Structures are given as C-alpha cells and as structure tokens.
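Survey of secondary and tertiary structure
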Amino acid sequence: MPTTFLSVGHFCYDVSPNGYILGGSASYSTLTARNLGHHARAVTAVGSNFDRENLLLEGIKTVYHESPETTIFDNQYDAKGRRQQFILGSAQQLNGSDIPVEWRTSNIAYLCPIADEVSAEVVHCFSDETLIGATPQGWLRQWDASGRVEAKRWTTAKDILPHIDVLILSDEDLRSYPDELERYIELTRIVVLTQGAHGATLFQSGTQLESVAYSVREVDPTGAGDVFATAFLINYYQSRSVKEALNFAHCVASFAVEGVGTSCIPKLAQVMSRLQT
C-alpha cells in the first residue's frame, strides 16, 4: 500500500567532470520513494540556478523555498580514495514554518540535512502518527571561508533525537567522533549504523541486531545511505519488523551502488526479484 514520504533537506548540485549533477539526500530519498511506488514529497530551498524542471524529479511534489544560493558540493579524492569536500554555495535554513500544514500528517518524515540546514524545531511539526527518521550527516559538517568542509560535533542532537523514531548513520559519520554513538543510542528509540559492504548494526532497547549487505559490484556509493534509509523507513512503517526492514533496505541499496549517481535506484519489481528471505 503506498505511503506518503516527505523529505526535508536541500536538493543540491554536485560538481562532476561534465558539470553539475543532481545531488543531496532529499533528492536520493524522494527518488527512491517514488520508484518504490510511494507518494514522494520534498521541502527544500534552492537558488535561481537550480533546474526545477529536471526530469529526474518528475512525480515528486516539491515545495521550493527561494534562497540566494543553491547548495553545491565539490568532492575531491586523493590517491588513496579519501574524500575532501568543499561547499561552493549554501541555501537557506529550513524551519518549522516552511513545512506545509497539510504535509505534517505524512506517513513518514525524513530529516536529511546536508549542510546543517534543518532546524531542530522541524521535528515538532509532525503528527503523533508520523514515523520520523533522520540521517545526521549535515548536522555533522562545518566549513571555513574557503568552503573546506570539516567534521563537528552534533550540538542539536539532544534537541532532536528524543523526538524521532529512527536514526540512520554511517561509520563515516562517526569517524571524527566515534564516542558519540553511545550518546545517540541513549537518546533514540532505534539507531541503525551502516558499514557499506560490511552490512549494518541496529541498536534498540539495549539489544543489537547484525545484518548482512547484498554482494554486488560497486560502481558508485554516492547516495546509497539515503537509499538505504528511505527503504528502511518505508518497510518499517509497513511491517513494524526491524529485521524485515533491514533486509529490504540492503536489497534496495544494492541496486543504487551499481551505477553512477541516481541512475540505478530500482523500481519495486526489481527489488522483489532480488529480495532474499
């Protein structure tokens, strides 16, 4: 049965050898929800240079808030594959008042900042029946005058985590401050720690559940965490089984890494044919 899935965060551009390409957690998540047959919505902020008629976003209902800039990331990799990010523009913050009243009863709300743009107050906008999930990467970033992105501690975690249902983060998110995981677990009902090809660990009520990733040939991991998070939230909303949701999320994400960018986000029929029981 289709659900209404709302993403709150910036659509952005990523620098590529061929120019700007669509990026951002809000993009990857709503494309995933749409492809899986659900009603995808987004609340975002962009500048005048953002292409709102992008065919990739067809079928996604979007509220665009005007901003002086569009968020733009330039990801540079060294010889060992280590990434250094630069932010070339940053759109305005998204506040509680930016969420349309009629969208506050969405079945699922996904808070997915990429540049510290989602205000803590947004978490209080939704109905008691809404399943609220979040990925914290944007709350863990700061940048200097040159745009060089560095890690920071998540200062608003205590204001957000007690009011959400699921936090999904990667081992990369914890690289600079691994001690923060324990605090996140204490504050949140369900925490899922993803480790790429090594699977994921779910923490709930003092217990841990390990899960295995699907074995595929990885071409591009960009956005896979958001695809995983979206699939997990949708399946968990419907099944209320964390074990089933983990397996479904791993399956959906396994398609996403097989191609560049958003090109291999799967349709539901593809997922059902690969799904392992």
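An account of the accompanying structure is given in this report. Since the structure is predicted, the reported quantities are computational estimates derived from the model, not experimental observations.

Criteria and thresholds
Residues numbered from 1 in each chain as written. Predicted model: local features only at pLDDT ≥ 70, side-chain atom pairs only at ≥ 80, totals over all residues. Heavy atoms only, no water. Salt bridge = Lys/Arg side-chain N within 4 Å of Asp/Glu carboxyl O. Helix = DSSP H or I, 4+ residues; strand = E, 2+ residues; numbered from the N terminus. Buried < 20%, exposed > 50% of the residue type's maximum accessible area, 1.4 Å probe, protein only. Axes fitted to C-alpha atoms, helices over the stretch in contact; angles between N-to-C directions. Parallel < 35°, antiparallel > 145°, perpendicular 65-115°, else oblique. Left-handed = near helix turned anticlockwise from the far one by under 90°. Contact = heavy atoms within 4.5 Å. Phe/Tyr/Trp six-rings, centres within 6.5 Å; stacked < 30°, edge-to-face > 60°. Lys NZ or Arg CZ within 6 Å of the ring centre and 35° of its normal.

Thoughts on the pattern of salt bridges
Tallying each qualifying case throughout the model produces eight salt bridges. Residue Glu66 is joined to Arg52 by a salt bridge in which the shortest nitrogen-to-oxygen separation is 2.9 Å. With Glu66 in strand E5 (residues 61-66) and Arg52 in the loop between strand E4 (39-46) and E5, this pair connects stretches of sequence that are 14 residues apart. On the basis of relative accessibility, which here comes to 30%, the residue Arg52 falls in the partly exposed class. Here Asp116 makes a salt bridge to Lys152, at a shortest N to O gap of 2.8 Å.

What about the packing of helix H1 (residues 25-35) against helix H4 (residues 224-239)?
In the contact formed by H1 and H4, the axes pass within 8 Å of each other and the chain directions differ by 45°. One finds that H1 runs oblique with respect to H4. For the element pair H1 and H4, the recorded crossing hand is right-handed. Where H1 abuts H4, its residues Ser25, Tyr28, Ser29, Thr32 and Ala33 lie against Asp226, Val227, Thr230 and Ile234.

What about the packing of aromatic side chains?
One pass over the full model with this rule turns up nine aromatic pairs. The interplanar angle of 65° and the centroid separation of 5.4 Å between the aromatic rings of Trp154 and Tyr184 together place this pair among those described as edge-to-face. In this pair, Trp154 sits in the loop between strand E11 (149-151) and helix H2 (157-160) while Tyr184 sits in helix H3 (residues 180-187), placing the two residues 30 residues apart along the sequence. Each member of the pair Trp154 and Tyr184 is classed as buried. Where Phe232 meets Tyr236, the ring centres are 5.9 Å apart and the plane angle is 15°; that geometry is what we call stacked. On the criterion of helical spacing, the pair formed by Phe232 and Tyr236 is a turn pair, its members being four residues apart in helix H4. In terms of burial, Phe232 and Tyr236 fall into one category: buried. Members of the aromatic cluster, joined through ring pairs, are Phe11, Tyr13, Tyr20, Phe50 and Tyr64. Above the ring of Tyr236, the side-chain terminus of Arg240 is found at 5.3 Å from the ring centroid. Lying over the aromatic face of Phe255, Arg274 brings its terminal NZ or CZ to 3.7 Å of the ring centre.

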